[in-house]
Amino acid sequence: MVVQALKDQGVDVVFGYPGGAVLPIYDEIFQDQGIKHILVRHEQGAAHAAEGYARSTGKPGVVLVTSGPGATNAVTGITDALMDSIPMVVLSGQVPTFMIGSDAFQEADTVGITRPCTKHNWLVKDTDDLASTIHQAFHVATAGRPGPVLIDIPKDVQFATGTYLAPNEIRQGHYRPKVKGDVEMITELVAAMETAERPIFYTGGGVINSGNVASQLLREFVEATGFPITSTLMGLGAYPASGDKWLGMLGMHGLYEANLAMHGCDLMINIGARFDDRITGRIADFSPNSIKAHIDIDPSSINKVIRTDIPIVGDVAHVLEDALRIWKARGRKVNKEAIAKWWSQIEEWKEVRCLTFKNSDKIIKPQHALQRLEALTKKYDRYICTEVGQHQMWAAQFLGFDDPNRWMTSGGLGTMGYGLPASIGVQVAHPDALVINVAGDASFMMNIQEMGTARQFDLPVKQFILNNERLGMVRQWQELLHGERYSHSWSEALPDFVKLADAFGGKGFQVSDPADLDDAIMEMIAYDGPVIFDCLVEKHENCFPMIPSGEPHNSMLLGEASTKDAIGSTGAVLV
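Residues numbered from 1 in each chain as written. Predicted model: local features only at pLDDT ≥ 70, side-chain atom pairs only at ≥ 80, totals over all residues. Heavy atoms only, no water.

Comments concerning the overall build of the protein chain
Counting its secondary structure elements, the protein chain contains 23 helices and 20 strands. By the compact-globule yardstick of 25 Å for 575 residues, the protein chain fits well, its C-alpha radius of gyration being 24 Å. For the protein chain, with 575 residues in total, the buried portion stands at 59%. Of the contacts formed within the protein chain by residues at least 6 apart in sequence, a portion of 74% connects residues at least 24 apart. If you sum the accessible surface of the protein chain, you get close to 22,300 Å²; carbon and sulfur atoms cover 50% of it. (Helix = DSSP H or I, 4+ residues; strand = E, 2+ residues; numbered from the N terminus. Rg over C-alpha atoms; globule rule 2.2 N^0.38 Å. Buried < 20%, exposed > 50% of the residue type's maximum accessible area, 1.4 Å probe, protein only. Contact = heavy atoms within 4.5 Å. Areas by Shrake-Rupley, 256 points an atom, 1.4 Å probe, with all protein chains shown as cover.)

Encoded structure:
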């Protein structure tokens, strides 16, 4: 039943780790051979790999784990998927129904533990309910705002027999999210767009989750109106980074011009973003003089953090389609004179050149490493994953994405250890693509065991480590906000990553001279197998711009190379 239900849902790959409570399912996987199984080395890795697969394909990722520690090990990845709205179906084994509650071997209250970090979960006690529950789980995971679901299956239910129902034979569940937006509200948004003097599109991961049509409609709207556009970390690629209306990412480590445009706009059009605290800064001072529209399929996100003037509940693609149609029917009007003046102001802000850094011919600056990685890999069919920290923010700043589903990162939960297993999931989904995980030395150590998975399944994932021998973002905050008291932010006793790559059956590179960087990157690309690229970078480089926690958008720390009058010992200036 389980395997047939997965096949009927179009599942072609499962990421998992066997154990006693799921052996009947694993036995059927062995006998059926209809689904590819990727054996990870840790259940957290299974969840992150499923996230990478889902984010890069738009299809739900599937995880199979055993009871007790198998399920609890997956909780971090499940929570990560919930925060970033990633569709995932987790199948967990459970002790037999008659032993539930007896503290049996490898028993845990999986449903209770995962209730706060799933869209919904089920404990299946009747085999006749199993197939319909799995089909319903896929519907819940993918409909509306995507997210993870979990089905807990006791071992005696797995051994039993029952009636199988195909997807078209089950009664559709009551969960039917609203996809069409209110026409009156959409018309109100269009009217505001017609007169706005300082408008901006603020986009998020919801655009990407809505599918390629949503990204295409967004691009059409931006080009037709001439409005500037910025994006959250999760929304990168929905509008091309090479587009001339692109302001770059906004938020805590967003670009100067994007943050000031958000602060100074008079019409903010939020499309598929949730007003995360990394974006808003101090809420009381967030874009204080703007009319705020919010398009989101999740009604609970509307007015949750920021009060909005034009709330529109619906799927991004449907709402944008209606908004474009109404705007065109009303004469395609915008305030061209005011928008030209707005763009002049934005161009002045761009002159600050907030990503400028002091390069060196003696030591590799992390920004320079990513500039060269971008230049040498952008012509390929490329997917980028990241771990979490400074390297993640630099990757978002210096790598350009012209298409959706090419950027996999842990945004909401900020999970160190996400990138390596996520890159495995992406490579499984796109076997001929160039898949690179931009990592920090500390984050990379979190799930390093998944190099074994990459080797076993001949997945040529490239692990590009910006190695500063520090917990870089922790160290930066300690320098800027905690009086340079570096409490436990040094990475002590790091392994030799080149030898480690060899031990895992891959290829290792170590580069410390900027002159050797390009050749080493090209050699990394050419190697047909998993790679650990150990790029030794400046140890105390800080990631700017930076909005200090609790500050408003117009209070940014900039690197001294970005401004004429740098002050203080931090190499930063408060603007």
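Overview of the nonpolar core
The biggest cluster of nonpolar side chains holds 98 residues, and the ones touching the most others in it are Phe 464 and Phe 533. Among the elements that make up this core, the one with the highest residue count is helix α14 (residues 316–329) (eight residues). Counting residues domain by domain, this core receives three or more from each of domain 2 (183–351) and domain 3 (366–536). Once residues within four sequence positions are removed from consideration, Phe 533 is found in contact with Gln 463, Phe 464, Ile 465, Phe 509, Val 511, Leu 517, Ala 520, Ile 521 and Met 524. With 44 residues, the next largest nonpolar core counts Ile 78, Ala 81, Ala 422 and Phe 497 among its residues. (Core = buried A, V, L, I, M, F, W, Y, C linked by side-chain atoms within 4.5 Å. Domains from an automatic or database assignment.)

Remarks on the domain arrangement of the protein chain
When the domains of the protein chain are assigned, the result is domain 1 (1–159), domain 2 (183–351) and domain 3 (366–536). Computed over C-alpha atoms only, the centres of domain 1 and domain 2 are separated by 36 Å. The interface is formed by seven residues belonging to domain 1 together with eight residues belonging to domain 2. Summing the contributions of domain 1 and of domain 2, the shared interface buries around 700 Å²; its carbon and sulfur component is 48%. If you sort the residues of domain 1 by the area they bury against domain 2, Arg 55, Asp 84 and Arg 145 come out on top, with a joint share of 68%. Here domain 1 and domain 2 share one salt bridge between them. Between Asp 298 and Arg 145 there is a salt bridge, and its shortest N-O distance comes to 2.9 Å. Where domain 1 packs against domain 2, one counts five residue pairs in polar contact (both at pLDDT 80 or more). A breakdown of the residues in the side of domain 1 that touches domain 2 according to their chemical character gives two nonpolar, two polar and three charged. (Buried area = accessible area lost by both parts, 1.4 Å probe. Salt bridge = Lys/Arg side-chain N within 4 Å of Asp/Glu carboxyl O. Polar contact = N/O pair within 3.5 Å; in protein donor to acceptor, adjacent residues only side chain to side chain. Nonpolar A, V, L, I, M, F, W, Y, C, P; charged D, E, K, R; others polar.)

Considerations on the UniProt feature "domain: Thiamine pyrophosphate enzyme central" (unreviewed entry) in the protein chain
On the UniProt side, "domain: Thiamine pyrophosphate enzyme central" (unreviewed entry) is annotated at positions that read residues 186–321 here. In residues 186–321, the share of helix is 35% and the share of strand is 20%. The end C-alpha atoms are 10 Å apart. (UniProt positions renumbered as here; feature names shortened; annotations may be inferred.)

Here's the deal with the pairing of strand β10 (residues 267–271)
Summarising burial for β10: five of the five residues are buried, a large majority. Both faces of β10 are covered, namely the face carrying Leu 267, Ile 269 and Ile 271 and the face carrying Met 268 and Asn 270. Judged from the five bridges that link them, strand β7 (residues 199–203) and β10 form a sheet pairing that is parallel. Its bridge partner being in β10, Thr 203 is matched across the sheet by Ile 271. Two elements, β10 and strand β11 (residues 291–296), share five bridges in a ladder whose sense is parallel. Considered in β11, the bridge of Leu 267 is made with Ile 291. (Pairing = 2+ DSSP bridges.)

Some words on the sheet that holds strand β17 (residues 507–511)
Backbone-to-backbone hydrogen bonds pair the strands of a sheet. The strands run either parallel or antiparallel. Reading across the sheet, the six strands line up as β14-β13-β15-β16-β18-β17 and stay open at both edges, with parallel pairing between neighbours. Unpaired on one side and paired on the other, β14 (407–408) and β17 mark the two borders of the sheet. Bridge count between strand β15 (residues 434–440) and strand β16 (residues 462–467): five bridges; the pairing is parallel. In the sheet register, Asn 437 faces β16, and the bridge partner there is Gln 463.

Some thoughts on the pairing of strand β2 (residues 36–39)
A regular strand places its side chains so that they alternate between the two faces of the sheet. Pairing between strand β1 (residues 13–16) and β2: four bridges, direction parallel. Along β2, the bridge assignment pairs Val 14 with His 37.

Structural notes on the side chain of Thr 203
Secondary-structure assignment places Thr 203 in strand β7. Among the residues examined, Thr 203 registers a relative accessible area of 1% and is labelled buried. Those residues within four positions of Thr 203 in sequence are excluded, and the remaining contacts are Leu 218, Ile 229, Thr 230, Ser 231, Thr 232, Ile 271 and Ala 273.

Some words on the sheet that holds β1
Taken in spatial order, the six strands line up as β2-β1-β3-β4-β6-β5 in an open sheet, and their pairing is parallel. Of all the strands in the sheet, just β2 and β5 (120–123) have a single pairing partner and so form its edges. Each strand axis lies, on average, 20° off the axis of its neighbour in the sheet, ignoring direction. Where β5 meets strand β6 (residues 148–154), four bridges bridge the pair, whose relative direction is parallel. Following the sheet pairing, Asn 121 is matched in β6 by Leu 150. Contacting β3 (61–65), β4 (88–94), β5 and β6, helix α7 (residues 130–142) crosses the sheet at an angle of about 165° to β6. (Axes fitted to C-alpha atoms, helices over the stretch in contact; angles between N-to-C directions.)

Things to note about unusual backbone geometry
Following Phe 544, the chain continues to Pro 545 via a peptide bond in cis, the omega torsion being -5°. The residue Pro 545 is located in the loop between β18 (531–536) and β19 (557–559) in this model. In this structure, Asn 405 is a non-glycine residue whose phi angle is positive, near 65°. Within the element layout of this structure, Asn 405 appears in the loop between α17 (390–398) and β14.

Quick word on the UniProt feature "domain: Thiamine pyrophosphate enzyme N-terminal TPP-binding" (unreviewed entry) in the protein chain
Cross-referencing UniProt, the feature "domain: Thiamine pyrophosphate enzyme N-terminal TPP-binding" (unreviewed entry) maps to residues 2–111 in the present numbering. Taken end to end, residues 2–111 comprises 44% helix and 18% strand; its first and last C-alpha atoms sit 19 Å apart.

Observations concerning helix α3 (residues 43–57)
One full turn of an α-helix is made of 3.6 residues, so residues set three or four places apart face in the same direction. The terminal C-alpha atoms of α3, which comprises 15 residues, lie 21 Å apart, in line with the 21 Å expected from a rise of 1.5 Å per residue. Burial analysis of α3 places 14 of its 15 residues in the buried class, the great majority of the element. In the segment just after α3, Gly 58 is the residue with positive phi, at about 85°. (Expected span 1.5 Å × (residues − 1).)

Here we look at the environment of Phe 286
Take Phe 286: it is sitting in the loop between α13 (277–280) and β11. The residues touching Phe 286, leaving out its near neighbours within four places in the chain, are Met 262, Met 268, Phe 275, Ile 279, Thr 280, Lys 292, Ile 306 and His 553.

A look at helix α15 (residues 336–350)
Between the first and last C-alpha of α15 there are 21 Å, a value that for 15 residues agrees with the 21 Å anticipated at 1.5 Å per step. When α15 is considered as a whole, its buried residues turn out to be Ala 338, Ile 339, Trp 342, Trp 343, Ile 346 and Trp 349. Axial view of α15: buried residues confined to an arc of 140°, hence all on one face. Across α15 from its buried face, at more than 90 degrees, point the exposed residues Glu 337, Lys 341 and Glu 348. Each element contacted by the buried residues of α15 is listed here: β7, α11 (212–225), β9 (246–249) and α12 (256–264). (Arc of directions from axis to C-beta.)

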